[in-house]
Amino acid sequence: MAQLTLDEVTKVFDAGGGEEVVAVDGVNIEIADGEFLVLVGPSGCGKSTTLRMIAGLETVTSGEIRLGDRLINDVSPADRDIAMVFQSYALYPHMTVRENMSFGLEESTDMADEDIADTVGASAATMGIGDLLDRKPSDLSGGQRQRVALGRAIVRDPEVFLMDEPLSNLDAKLRSEMRTELQRLQDELDTTTVYVTHDQTEAMTMGDRVAILNDGRLQQVGTPLECYHQPANRFVAGFIGEPSMNFFEVERQGTRLVADRFSYPLSESLRAELGDRTDLTLGIRPEDIELGAETDGKDVFETVVDVVEPMGNENNVYLAFDERADEPETFVATVGGMSRIEAGQPVTARFPEAAIHLFDRTTGEAVHNRDLADPDTIEPRL
Ligand code: ADP
Ligand code: MG
């Protein structure tokens, strides 16, 4: 049983000169046995510190870390039954792959030599590095080194895997291959895993659930699609998704939301949801903006194409409400790759009410998330 619990976990660093840095601030997460949790957030938000506290490489200032029912705050790293994989791989350069993979078992278990050899052989086969066992790390490619680092973690058959940006030194193609492979591996081994990344694509595609951290504070824990469609706040809404959600400052005036360059009518039910809030931020995802709607509907606005970014499968179209401004403020819509659309072209942009999000402008809290009642608004039906 390897449920991992973080209970109000906090880390305060002494930054010298009486200065303190709160790197991790009261984080609560329960990671189920066998779950793959991705911890994601911008650089410096406290991801590595959180992972290092779980591994026992960093002390916990306050709060509790439990593995199953066991409080592990003060258990030494070697006695936690947790294996960590680092971005830097951290292989011993003077040892062969076989020695790198055997070392931990020789040091921390009383397994017989043959059993160690068998275990290492099996893990090496799982990672597809069986023919590299006699090489030194310097004779391996980056991708192979990463496999050895993973193999070395698997060999120990730990209760928990911790991975800190393990793919960020690989080129894009290898990274996406390893992403898939890691998911398959985790599925097979069924080992509780906490995977740290700053990359929202990895967060969206790899985890059972995603925990989003900003400035040491947990913003939301949920499935990738929950975080995408039902963000808890503006930070999550902007962090998850590429290109990012568009945001407009709006003020509620009677039945409408009024922005600098447009005014947006609200349905009665949405007005009721907003209560007496007036200062809001409207959010809409690029793929939800409809271009070229041939109506003069209340939610259709005149815009001009500023820049088109062809991505092949789709185009990112940057639009401006005012073409005359020197540096127009733009927002982005995505359309199919075969659409013909050019810079300078006038085009209408429709913001369907079912797709808009509204956030409290002061706190950033989500006040209204997009309507998911109609599954057609999420994905085509099969
Ligand atoms: P991430 O992995 O999300 O990029 P870190 O956990 O490494 O972030 O760092 C979180 C914050 O804690 C940063 O502001 C960082 O500068 C600070 N920090 C990390 N380690 C130390 C340390 N040993 N001493 C002081 N501050 C630290
Ligand atoms: Mg880090």
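Before reading on, note that the structure itself is shown above.
Caption draft 1: Geometry of the pattern of salt bridges. Scanning the model with the defined rule gives 13 salt bridges in all. In this structure, K173 engages E177 in a salt bridge whose closest nitrogen and oxygen atoms are separated by 3.1 Å. Placement of both K173 and E177 in helix α5 (residues 172-189) is noted, with a separation of 4 residues, approximately one turn of the helix. Taking relative accessible area as the criterion, K173 reaches 60% and is therefore assigned exposed. Taking the shortest distance from any N to any O, the salt bridge between D299 and R350 comes out at 3.1 Å. Placement of the pair is D299 in the loop between β15 (290-291) and β16 (300-310) and R350 in strand β19 (residues 346-350), with a sequence separation of 51 residues.

Caption draft 2: Highlighting the sheet that holds strand β21 (residues 366-368). Strand order in the open sheet formed by 6 strands is β13-β12-β11-β14-β20-β21, and the pairing between neighbours is antiparallel. A single partner strand is all that each edge strand has here, and the edge strands are β13 (263-265) and β21. Across this sheet, the average inter-strand angle for adjacent strands is 40°, counted without regard to direction.

Caption draft 3: Region of the structure containing the packing of helix α3 (residues 113-126) against helix α4 (residues 142-155). α4 packs onto α3 with a crossing angle of 135° between their chain directions and a minimal axis gap of 9 Å. Here α4 runs oblique to α3, going by the angle between their axes. Seen from above, α3 lies across α4 with right-handed handedness. For the pair α3 and α4, the contacting residues are T119, V120 and S123 in the first and G151, I154 and V155 in the second. Considering only residue class, the contact of α3 with α4 consists of 3 nonpolar, 3 polar and no charged.

Caption draft 4: Molecular detail of the nonpolar core. Formed by 41 residues in total, the largest nonpolar core has its most connected members in M101, I129, L182 and Y195. A per-element tally of this core places α4 first, with 6 residues.

Caption draft 5: Structural detail: the site of ligand 1. Taken together, F13, A23, P42, S43, G44, C45, G46, K47, S48 and T49 are the residues near ligand 1. In the model, an oxygen atom of ligand 1 is placed 3.2 Å from a nitrogen or oxygen of the C45 main chain. Between ligand 1 and S48 there is a distance of 2.8 Å, counted from an oxygen atom to a side-chain nitrogen or oxygen. Coverage of ligand 1 by the protein amounts to 60% of the 560 Å² it exposes when considered alone.

Caption draft 6: A look at the environment of Q345. Its place among the elements puts Q345 in the loop between β18 (330-336) and β19. Each C-alpha atom of the pair Q345 and V307 lies 9.9 Å from the other, and the pair is 38 residues apart in sequence. Look past the residues within four positions of Q345 in its chain and what remains in contact with it is T303, V304, V305 and R340. In terms of polar contacts, Q345 uses its side chain to reach the backbone amide nitrogen of E342, at 2.8 Å.

Caption draft 7: The arrangement of the sheet that holds strand β8 (residues 192-197) in detail. Pairing is mixed across the open sheet formed by 6 strands, whose spatial order is β6-β7-β8-β3-β9-β10. Of all strands in the sheet, those bounded by a partner on one side alone are β6 (82-85) and β10 (217-222). Neighbour-to-neighbour, the strand axes of the sheet open up by a mean angle of 15°, direction not taken into account. Bridge count for strand β3 (residues 36-40) against strand β9 (residues 209-214) is 4 bridges, and the pairing is parallel.

Rules behind the numbers
- Within each chain, residues carry numbers counting from 1 in the order of the written sequence.
- All chains are assigned letters beginning at A, and all ligands numbers beginning at 1, according to the order in which they are written.
- This being a predicted model, a pLDDT of at least 70 is required before a residue's local features are given, and a value of 80 or more before pairs of side-chain atoms are given or counted; all residues contribute to the totals for chains, interfaces and linings.
- In computing side-chain values, all of the structure's heavy atoms are included and hydrogens and water are not.
- Any Lys or Arg side-chain nitrogen found within 4 Å of a carboxyl oxygen on Asp or Glu counts as a salt bridge.
- Segments assigned H or I by DSSP are reported as helices when at least four residues long, segments assigned E as strands when at least two residues long, and all are numbered from the N terminus.
- Note on exposure labels: buried denotes an accessible area under 20% of the residue type's maximum, exposed denotes more than 50%, and partly exposed covers the range between, all computed with a 1.4 Å probe on protein chains only.
- When DSSP finds two or more bridges between a pair of strands, those strands are recorded as paired.
- Note on method: axes are straight lines fitted to C-alpha atoms, helices fitted across the in-contact stretch only, with angles between N-to-C directions ranging 0 to 180 degrees.
- Orientation labels follow simple angle bins: below 35 degrees gives roughly parallel, above 145 gives roughly antiparallel, 65 to 115 gives roughly perpendicular, and whatever is left gives oblique.
- Each crossing gets its handedness from the near helix: less than a right angle anticlockwise from the far helix is left-handed, clockwise is right-handed.
- It only takes one pair of heavy atoms within 4.5 Å for two residues to be counted as in contact.
- Only Asp, Glu, Lys and Arg are considered charged in this grouping, and only Ala, Val, Leu, Ile, Met, Phe, Trp, Tyr, Cys and Pro are considered nonpolar; every other residue, Gly among them, is considered polar.
- Among buried residues, those of type Ala, Val, Leu, Ile, Met, Phe, Trp, Tyr and Cys that are joined through side-chain atoms within 4.5 Å constitute a nonpolar core.
- Nearness of a residue to a molecule or strand requires only that one of the residue's heavy atoms be within 4 Å of it.
- Think of a polar contact as two N or O atoms within 3.5 Å of one another; within protein, one of them needs to be a possible hydrogen donor and the other a possible acceptor, and neighboring residues in sequence only count if both atoms come from side chains.
- The method behind every accessible area is Shrake-Rupley, applied with a 1.4 Å probe, and residues are considered shielded solely by the protein chains displayed.

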